[in-house]
Amino acid sequence: MTAKTAFARNQWYVVAYGTEVGREELLARTVCGEPLVLYRTEEGAAVALADRCVHRRYPLSASRLDGDRVVCGYHGFTYDTTGTCVYVPGQRRIPRTARVASYPLVEQDSFVWVWIGDPALAATTAPPRAPWLADPAWATVSGMEPLAARYGLLVDNLLDLSHETYLHGGYIGTPEVAETPITTEADDEHNIVRVSRRMADAACPPFYAKSTGIEGRITRWQDIEYHAPCLYQLHSRIAPVGVLPEEDGSDPNGFHTEIVYAITPSTENTTYDFWAVARDFAQEDQEVSDFLHKFNREVVLQDVTALDLLEKIVADEPDSVQELSINIDTGGLAARRILRRLCEESGTAEGTAEGTAAAARAAR
Ligand code: FES
Ligand SMILES: [Fe+2]
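A quick note: this is a predicted structure, and the numbers were derived from the prediction, not measured.

Focus: the UniProt feature "domain: Rieske" (unreviewed entry) in the protein
For step 1, the next point in the chain: Mapped onto the present numbering, the UniProt feature "domain: Rieske" (unreviewed entry) falls on residues 12-114.
For step 2, the next point in the chain: When the span residues 12-114 is considered, its composition is 0% helix and 41% strand, and the gap between its end C-alpha atoms is 5 Å.

Regarding the pairing of strand β13 (residues 192-202)
For step 1, the next point in the chain: Both strand β12 (residues 183-187) and β13 contribute to a ladder of five bridges, which runs antiparallel. Along β13, the bridge assignment pairs Asp187 with Ile192.
For step 2, the next point in the chain: The loop that links β12 with its antiparallel partner β13 comprises four residues; one of these, Asn191, has a positive phi angle of about 60°.
For step 3, the next point in the chain: As paired strands, β13 and strand β14 (residues 218-227) are joined by nine bridges and run antiparallel to one another. Pairing of Ile192 across the sheet is with His227, part of β14.

Things to note about the environment of Cys85
For step 1, the next point in the chain: Here Cys85 is to be found in strand β8 (residues 85-87).
For step 2, the next point in the chain: A tally of 21 C-beta atoms within 10 Å means that Cys85 is categorised as buried.
For step 3, the next point in the chain: Through-space distance from the C-alpha of Cys85 to that of Asp273 is 33 Å; in sequence the pair is 188 residues apart.

Some details on the domain arrangement of the protein
For step 1, the next point in the chain: Under the domain assignment used here, the protein contains domain 1 (11-124) and domain 2 (131-363).
For step 2, the next point in the chain: Relative placement of domain 1 and domain 2: their C-alpha centres are 32 Å apart.
For step 3, the next point in the chain: Listing elements by their share of the side of domain 1 that touches domain 2, those giving two or more residues are β1 (11-17) and β2 (27-31).
For step 4, the next point in the chain: Considering only residue class, the side of domain 1 that touches domain 2 consists of eight nonpolar, five polar and one charged.

Basis of the calculations
- Residues numbered from 1 in each chain as written.
- Chains lettered and ligands numbered in written order.
- Predicted model: local features only at pLDDT ≥ 70, side-chain atom pairs only at ≥ 80, totals over all residues.
- UniProt positions renumbered as here; feature names shortened; annotations may be inferred.
- Helix = DSSP H or I, 4+ residues; strand = E, 2+ residues; numbered from the N terminus.
- Pairing = 2+ DSSP bridges.
- Buried ≥ 20, exposed ≤ 12 C-beta atoms within 10 Å, placed from the backbone.
- Domains from an automatic or database assignment.
- Nonpolar A, V, L, I, M, F, W, Y, C, P; charged D, E, K, R; others polar.

Structure, rendered in structure tokens:
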């Protein structure tokens with residue numbers, strides 16, 4: 001068996017889209033091994049509590065709301081939004097220890113972020129931004145697919161887009177993606193990895209040909225920014241060859257797409273794969289939205305299938321198995337190094353690298 005997956009604690013993770021959290025249903029999500037229940041107060045504030053009743057461990061997500069309180073569906077222990085128990089059946093005295101943990105939340109850019117770790121430290125750092133997702137100047141399609149694979153495999157996958165050529169051929173991959181060398185930069189102070197691949201003259205994959213209407217070859221820039229541990233951004237700029245985007249990507253003739261993933265570890269070998277595609281063109285065009293939603297979901301599911309398969313392999317391999325890395329892996333290796341440090345800093349020293357160690361070997 002490979003080493004256990006470690007989680008970086010004292011970090012913000014995307015737990016849901018804001019639209020998923022409401023009053024009709026209590027939403028159950030598990031983040032970094034911690035079961036959570038989410039709902040909104042009557043005034044609309046999102047709340048996250050531990051999803052286990054202190055009495056007999058019944059999941060509060062299988063319970064009901066009474067105003068802003070959760071009434072346990074088993075014997076009626078009732079909790080307020082801070083997780084304090086305010087009612088127990090059959091007696092007046094409420095035990096001092098009758099409370100469940102409540103988790104700090106931040107809502108921004110259409111996401112609900114949860115702080116996993118010491119709640120007292122939540123105010124010391126803010127979740128990273130993905131401003132396009134809630135900006136009316138951009139049109140966004142999004143979704144979430146559950147992965148039966150450890151999160152390290154998804155980090156590896158997203159940091160190395162050369163797999164587009166093989167796993168997503170006919171969708172977003174063309175030969176130039178795998179052929180073009182990358183530049184990688186690690187910012188250890190801010191826990192960011194940047195990987196750029198700039199193709200001056202490349203085939204236009206169906207994903208962009210259909211959504212932009214471009215016929216013929218394109219200049220295609222892929223600039224990845226991974227904010228460890230959770231937020232991944234792919235700044236994609238394309239233009240017909242000869243209409244080069246400006247260095248800052250501001251060229252009005254280019255088509256800009258912001259592809260955002262939130263990589264949220266659920267359990268040791270399951271992950272929430274949140275994905276969103278925001279564009280600054282054809283914003284009003286529902287057909288383009290429908291196409292991008294369907295097409296990108298299919299691409300995500302191609303990754304899900306591959307990573308679920310890979311998880312089965314790495315889960316059964318001994319730690320001693322070696323993988324072989326090449327130039328395309330520099331981004332993924334930088335990400336693993338930062339994740340390992342974040343895990344060590346939060347006291348969960350077992351490495352994530354081992355968890356993904358067999359990935360490249362199995363994929364080659
Ligand atoms: S398990 Fe919740 S009240 Fe008994
Ligand atoms: Fe992929």
